[in-house]
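Coordinate inspection notes
Chain by chain, the residues run as shown.
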Amino acid sequence: SAVISQKPSRDICQRGTSLTIQCQVDSQVTMMFWYRQQPGQSLTLIATANQGSEATYESGFVIDKFPISRPNLTFSTLTVSNMSPEDSSIYLCSVEEISGSDFGPGTRLTVL
Amino acid sequence: DAKTTQPPSMDCAEGRAANLPCNHSTISGNEYVYWYRQIHSQGPQYIIHGLKNNETNEMASLIITEDRKSSTLILPHATLRDTAVYYCIVRVARGTSGSRLTFGEGTQLTVNP
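Presented here is an overview of the structure given in this document.

Conventions used here
- Residues numbered from 1 in each chain as written.
- Chains lettered and ligands numbered in written order.
- Predicted model: local features only at pLDDT ≥ 70, side-chain atom pairs only at ≥ 80, totals over all residues.
- Heavy atoms only, no water.
- Pairing = 2+ DSSP bridges.
- Helix = DSSP H or I, 4+ residues; strand = E, 2+ residues; numbered from the N terminus.
- Phe/Tyr/Trp six-rings, centres within 6.5 Å; stacked < 30°, edge-to-face > 60°.
- Lys NZ or Arg CZ within 6 Å of the ring centre and 35° of its normal.
- 1 Å grid on protein atoms, 1.4 Å probe; cavity = no way out; pocket = protein on both sides within 12 Å on 5 of 7 lines; lining within 4 Å.
- Points joined across faces, edges and corners; volume = space filled by probe spheres on them.
- Contact = heavy atoms within 4.5 Å.
- Buried area = accessible area lost by both parts, 1.4 Å probe.
- Salt bridge = Lys/Arg side-chain N within 4 Å of Asp/Glu carboxyl O.
- Nonpolar A, V, L, I, M, F, W, Y, C, P; charged D, E, K, R; others polar.
- Buried < 20%, exposed > 50% of the residue type's maximum accessible area, 1.4 Å probe, protein only.
- Axes fitted to C-alpha atoms, helices over the stretch in contact; angles between N-to-C directions.

**Description of the sheet that holds strand β2 (residues 18-23) of chain B**
By definition, the strands of a sheet pair up through backbone hydrogen bonds, in either a parallel or an antiparallel sense. Residues and elements named next belong to chain B. With respect to topology, 4 strands assemble into an open sheet ordered β2-β7-β6-β5, the strand pairing being antiparallel. The open sheet has two free edges, formed respectively by β2 and β5 (55-56), since each of these has just one partner strand. Of the pairings in the sheet, the one linking β2 to strand β7 (residues 70-75) comprises 6 bridges and is antiparallel in character. Considered in β7, the bridge of Pro-21 is made with Thr-72.

In structure tokens:
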């Protein structure tokens, strides 16, 4: 299985600011996924990031709010823009393996 | 993706088998049944998946009914470290158009000493 790291592991931010979350994988992968997990809730897919193309966003998520970069096959970033307290969540990146998906440890974001 | 239904919570005694049910009555012929779990404050962990045959690995067994409308995840000897939220997900094969993980609410399994 892939080893996935995320930075930062947690952060506390002021409303109106932006935070960029990094996801690093120890192997080359075609597709990377970004999820959000709001407090006490299940995971929701934000977008799929393919290297060399625009990310594909799920219903309810837009590029202006959650811009994503995918510069190579082992790295991706998700930016949470113009944050509000409603953005307080755990953000996770994920990659697909032959058997199942592997997830990073998550970034716990608190917006004040 | 097909919707799944799971009980919100279950309890199990340590050392006993934990049997977690999942209903997926609208599953399509090309959709697989996947199970993940999420231990508190960690990312989800893949457990097992299957199409129509029963599957077993070092973590668990997956029993899928003949009509594929339901399945059961079995942890044969539950330990305290198996306490987690367990998600049953149906999806088409990886790499297929529309292949994505759609998480429901899952089952909170609590293993008691």
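**Describing the packing of aromatic side chains**
Scanning all chains against the criterion turns up 12 aromatic pairs over all chains. In this structure an aromatic cluster arises from ring pairing among Tyr-35 and Phe-103 of chain A together with Tyr-32, Tyr-34, Tyr-36, Tyr-46, Tyr-87 and Phe-103 of chain B. Positioned above the aromatic ring of Tyr-34 of chain B is the side chain of Arg-91 of chain B, whose terminal nitrogen or guanidinium carbon lies 5.2 Å from the ring centre.

**Comments concerning the layout of surface pockets**
The computed volume of the largest pocket comes to approximately 390 Å³. Along the wall of the largest pocket there are 22 residues; nearest its centre are Gln-37, Gly-40 and Gln-41 of chain A together with Gln-38 and His-40 of chain B. Among the secondary structure elements, those contributing two or more residues to the lining of the largest pocket are β9 (89-96) and β11 (107-111) of chain A together with β8 (84-92) of chain B. Counting residues per element, the lining of the largest pocket draws most heavily on β8 of chain B, which supplies 3 residues.

**Observations concerning the interface of chain A and chain B**
Chain A puts 17 residues into the contact, and the matching count from chain B is 18 residues. A buried area of about 1400 Å², summed over both sides, lies between chain A and chain B, and 46% of it is on carbon and sulfur atoms. Taken together, the links from chain A to chain B amount to 1 salt bridge. The residue Arg-91 of chain B makes a salt bridge to Glu-96 of chain A at a minimum N-O spacing of 2.2 Å. Mapped onto the side of chain A that touches chain B, the elements with two or more residues apiece are β4 (31-37), β5 (43-50), β9 and β10 (101-103) of chain A. In the side of chain A that touches chain B, the residues fall into 7 nonpolar, 6 polar and 4 charged.

**So, the pattern of salt bridges**
Residue and element names in this part refer to chain A. As enumerated under the stated definition, the model contains 3 salt bridges over all chains in all. For Lys-65, the salt bridge is made with Asp-87, and the minimal N-O distance between the two is 2.7 Å. Pair noted here: Lys-65 is in the loop between β6 (56-57) and β7 (68-72) and Asp-87 is in the loop between β8 (75-80) and β9, with a separation of 22 residues, a long-range link. Across the pair, Asp-87 and Lys-65 agree in class, each one buried.

**With respect to the sheet that holds β8 of chain B**
Residue and element names in this part refer to chain B. Across the sheet, 5 strands lie side by side as β1-β9-β8-β3-β4; this open sheet has mixed pairing. On the outer flanks of this sheet lie β1 (9-13) and β4 (45-50), each paired with one strand and no other. Averaged over all neighbouring strand pairs, the angle between strand axes comes to 25 degrees, with direction disregarded. Bridge analysis of strand β3 (residues 31-38) against β8 gives 8 bridges, and the strand direction is antiparallel. Counterpart to Arg-37 in the pairing with β8 is Tyr-86.

**What to know about unusual backbone geometry**
Note the cis peptide between Lys-7 of chain A and Pro-8 of chain A, where omega equals -10 degrees. Structurally, Pro-8 of chain A is set in the loop between β1 (4-7) and β2 (10-13).

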